[in-house]
Amino acid sequence: MTDSVALSPTSIKNALQSSAPISAILVQGWVRTRRDSKDFSFIELNDGSCLRNLQVIAGNTLSNYAMVQRLNTGASVAVRGALVESQGKGQNWELVTEEITIVGGSDESYPLQKKGHTAEFLREIAHLRPRSNLFGSVFRVRSRLAFAIHRFFQDRGFFYLNTPIITGSDCEGAGELFRVTTIDPNNAPRKANGEIDYGRDFFARATYLTVSGQLEAEAFASALSKVYTFGPTFRAENSNTSRHANEFWMIEPEMAFTDLGGNMDLAEELVKYLIHQIRDNSPDELALFAKFVDGELLARLDFVVDRPFQRTSYAEAVELLVKSGEKFEFPVGYGLNLQSEHERWLTEKHFKCPVTVFNYPKEIKPFYMRLNDDDRTVTAMDLLVPGIGEIVGGSQREERLEVLEKSMRRHKMNPTDYKWYLDLRRYGSVPHSGFGLGFERMLMFVTGISNIRDVIPFARTPGNAEF
Ligand code: 4AD
Ligand code: MG
């Protein structure tokens, strides 16, 4: 026992990558499977550091061999021994045990037995599913992707900005806000007209969980030139789809002195960069997704990084949809929102590659988007990708004070509530642009996983906030 304390533990990933045998090594992890032969137990050990397991051989001379033979899937152990070349197929190294410590037992009720669990069942055990090959891989890739995002922006001179989670503004104007309050619902302060008086709430005003960090990012882009946020956002939309969550993470770059063209270029560069990074750094995980989740994943990712994305105006996109002869569930027509089925037709059936749709009618987009000279459209852009639809939404921002005030009034907003935001147009206003990339949607795209609930550690969706 004293030996194993002195030895610092090695991750299974590092052990498997060893270039030479190691006479004394300590690994720690969870038992995936155990099988016994006459004189030995073979344990497949996993510690989550990589997809692969380390085969541990425990011989019947071990003092606790009787306990080893009762080890169940899911138990945690620490093993000290020698890393030697493997006799068996499929692995270079295996661990011959000198001492094995059973850290935490498990029993037959452990829900993650060998194979064949449905995604639905695994969602119910979201606290255990990261111990499966598939979900371990998803969440390793999630971490990798987050790192790659920071790297992309940091390498390009962007500053990482933390915008507030609690805010008084509804950036997207869709009214999908979760209220933040300390008011006792049974004893709420009221105005003369009977409405609840949020002026007497904790922050002396109505506050909500943020739907986007964009407005605050604009303030910082007007000072540091190039910033990006990467944080949680919240939307109280009651849509039970495979692509919507009520709590999701968003990456929002914001750039001063940049127009819509520069914005579209950055979104395309970012998406391609992230695919490259995952292909280069997570090959084992991608191979697993290609095998068990989506057979066309690798070909699709190759295809996407190799070609320029298509670009089309909203007007052209609507024309294509109208002329397609396709039967859609929702109507298509100029002035109507593009639904997910329309977006997917454009990217999957028509262009057969990612496509950026730009210049949407002003009526269907938020107040902050820059009005085009036609007075009908705004400089919006949505990047659509096969299998998902919208992955990025962004725009050039309205930098002209009077035009912005007019737009606010048209959206039934009170400009005096946004004095600080309008100040950015009063003092050194510049053309500026940005977008939001849905982190989970990007993760779905690189993994081929078709339900957003399976790329978030603990998903928040209507009716679900367990864990
Ligand atoms: O298009 P959205 O609503 O844009 C904004 O919030 C802008 N303020 C961003 C900006 O310009 N800075 O959202 C941006 C992206 C979408 O394209 C989508 O990928 C993702 O965020 N998204 C969601 N992802 C998961 N669940 C939801 N409910 C989502 N809503 C949006
Ligand atoms: Mg959008």
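Criteria and thresholds
- Residues numbered from 1 in each chain as written.
- Chains lettered and ligands numbered in written order.
- Predicted model: local features only at pLDDT ≥ 70, side-chain atom pairs only at ≥ 80, totals over all residues.
- Heavy atoms only, no water.
- Domains from an automatic or database assignment.
- Buried area = accessible area lost by both parts, 1.4 Å probe.
- Salt bridge = Lys/Arg side-chain N within 4 Å of Asp/Glu carboxyl O.
- Polar contact = N/O pair within 3.5 Å; in protein donor to acceptor, adjacent residues only side chain to side chain.
- Nonpolar A, V, L, I, M, F, W, Y, C, P; charged D, E, K, R; others polar.
- Buried < 20%, exposed > 50% of the residue type's maximum accessible area, 1.4 Å probe, protein only.
- Helix = DSSP H or I, 4+ residues; strand = E, 2+ residues; numbered from the N terminus.
- Contact = heavy atoms within 4.5 Å.
- Near = heavy atom within 4 Å.
- Areas by Shrake-Rupley, 256 points an atom, 1.4 Å probe, with all protein chains shown as cover.
- Pairing = 2+ DSSP bridges.
- Axes fitted to C-alpha atoms, helices over the stretch in contact; angles between N-to-C directions.

Some words on the domain arrangement of the chain
Working step 1: In terms of domains, the chain is made up of domain 1 (12–104) and domain 2 (130–175 + 211–454).
Working step 2: Between domain 1 and domain 2, the C-alpha centre-to-centre distance is 45 Å.
Working step 3: Buried area between domain 1 and domain 2, summed over both chains or domains, comes out near 630 Å², and the portion from carbon and sulfur atoms is 42%.
Working step 4: For the domain 1 face of the interface with domain 2, the top three residues by lost area are Trp 30, Arg 32 and Leu 51, together amounting to 71%.
Working step 5: For the pair domain 1 and domain 2, the number of links is 1 salt bridge.
Working step 6: Arg 52 is the partner of Asp 284 in a salt bridge, and the nearest nitrogen-oxygen pair spans 3.8 Å.
Working step 7: Along the contact surface separating domain 1 from domain 2 lie 3 residue pairs in polar contact (both at pLDDT 80 or more).
Working step 8: Grouping the constituent residues of the side of domain 1 that touches domain 2 by class yields 3 nonpolar, 3 polar and 2 charged.

As for helix α11 (residues 340–350)
Working step 1: Among all positions of α11, only His 342, Glu 343, Trp 345, Leu 346 and Thr 347 are buried.
Working step 2: Contact partners of the buried residues in α11: α10 (314–323), β13 (355–361), β14 (377–385) and β15 (389–396).
Working step 3: Just beyond α11, the residue with positive phi is Lys 352, at close to 55 degrees.

With respect to the site of ligand 1
Working step 1: In the region of ligand 1, 25 residues are neighbours, and Glu 172, Arg 235, Glu 237, Glu 252 and Glu 390 sit closest.
Working step 2: In this structure, Glu 237 approaches ligand 1 through a side-chain N or O atom, which is 2.5 Å from a nitrogen atom.
Working step 3: Residue Ala 245 places a main-chain N or O atom 3.0 Å away from a nitrogen atom belonging to ligand 1.
Working step 4: For ligand 1, the protein covers 94% of the area, taking 630 Å² as the surface of the free molecule.
Working step 5: No other element matches the 5 residues that β15 contributes to the shell around ligand 1.
Working step 6: For the shell around ligand 1, the per-class residue count stands at 9 nonpolar, 8 polar and 8 charged.

Digging into the sheet that holds strand β7 (residues 166–167)
Working step 1: Spatially, β7-β9-β8 is the arrangement adopted by the 3 strands of the open sheet, whose pairing is antiparallel. Looking at which strands have only one partner, the edges of the open sheet turn out to be β7 and β8 (179–180).
Working step 2: Inspection of the sheet shows β7 paired to strand β9 (residues 207–209) by 2 bridges, in the antiparallel sense. Bridging from a neighbouring strand, Ile 166 pairs with Leu 209 of β9.

What about the sheet that holds strand β3 (residues 54–59)?
Working step 1: One closed barrel holds the 5 strands; their spatial order is β1-β2-β3-β5-β4, and the pairing between them is mixed. In this sheet, adjacent strand axes meet at a mean angle of 55 degrees when their direction is disregarded.
Working step 2: Across 6 bridges, the pairing between strand β1 (residues 22–36) and strand β2 (residues 40–46) is antiparallel. Counted as the bridge partner of Arg 34 is Ile 43 from β2.

Comments concerning the pairing of β1
Working step 1: Across 7 bridges, the pairing between β1 and strand β4 (residues 76–85) is antiparallel. Within β4, the residue paired with Val 27 across the bridge is Val 79.
Working step 2: Hairpin connection, β1 to β2: the antiparallel pair is bridged by 3 residues.

A short note on the pattern of salt bridges
Working step 1: Tallying each qualifying case throughout the model produces 26 salt bridges.
Working step 2: Two residues, Arg 142 and Glu 440, come together in a salt bridge whose shortest N-O distance is 3.0 Å. Linking Arg 142 in helix α5 (residues 133–155) with Glu 440 in helix α14 (residues 439–447), this pair joins segments that are 298 residues apart in sequence. Assigned by exposure class, Arg 142 and Glu 440 land together as buried.
Working step 3: Ionic pairing is found between Glu 348 and Arg 344, a salt bridge with its closest N-O pair at 2.8 Å. Here Arg 344 and Glu 348 lie together in helix α11, a separation of 4 residues that amounts to about one turn.
Working step 4: Given the relative accessible area of 29%, Glu 348 is considered partly exposed.
Working step 5: Judged by relative accessible area, Arg 344 falls into the partly exposed class, the value being 28%.
Working step 6: Residues joined by salt bridges that share partners form a network here, namely Asp 265, Glu 268, Lys 272 and Arg 311.

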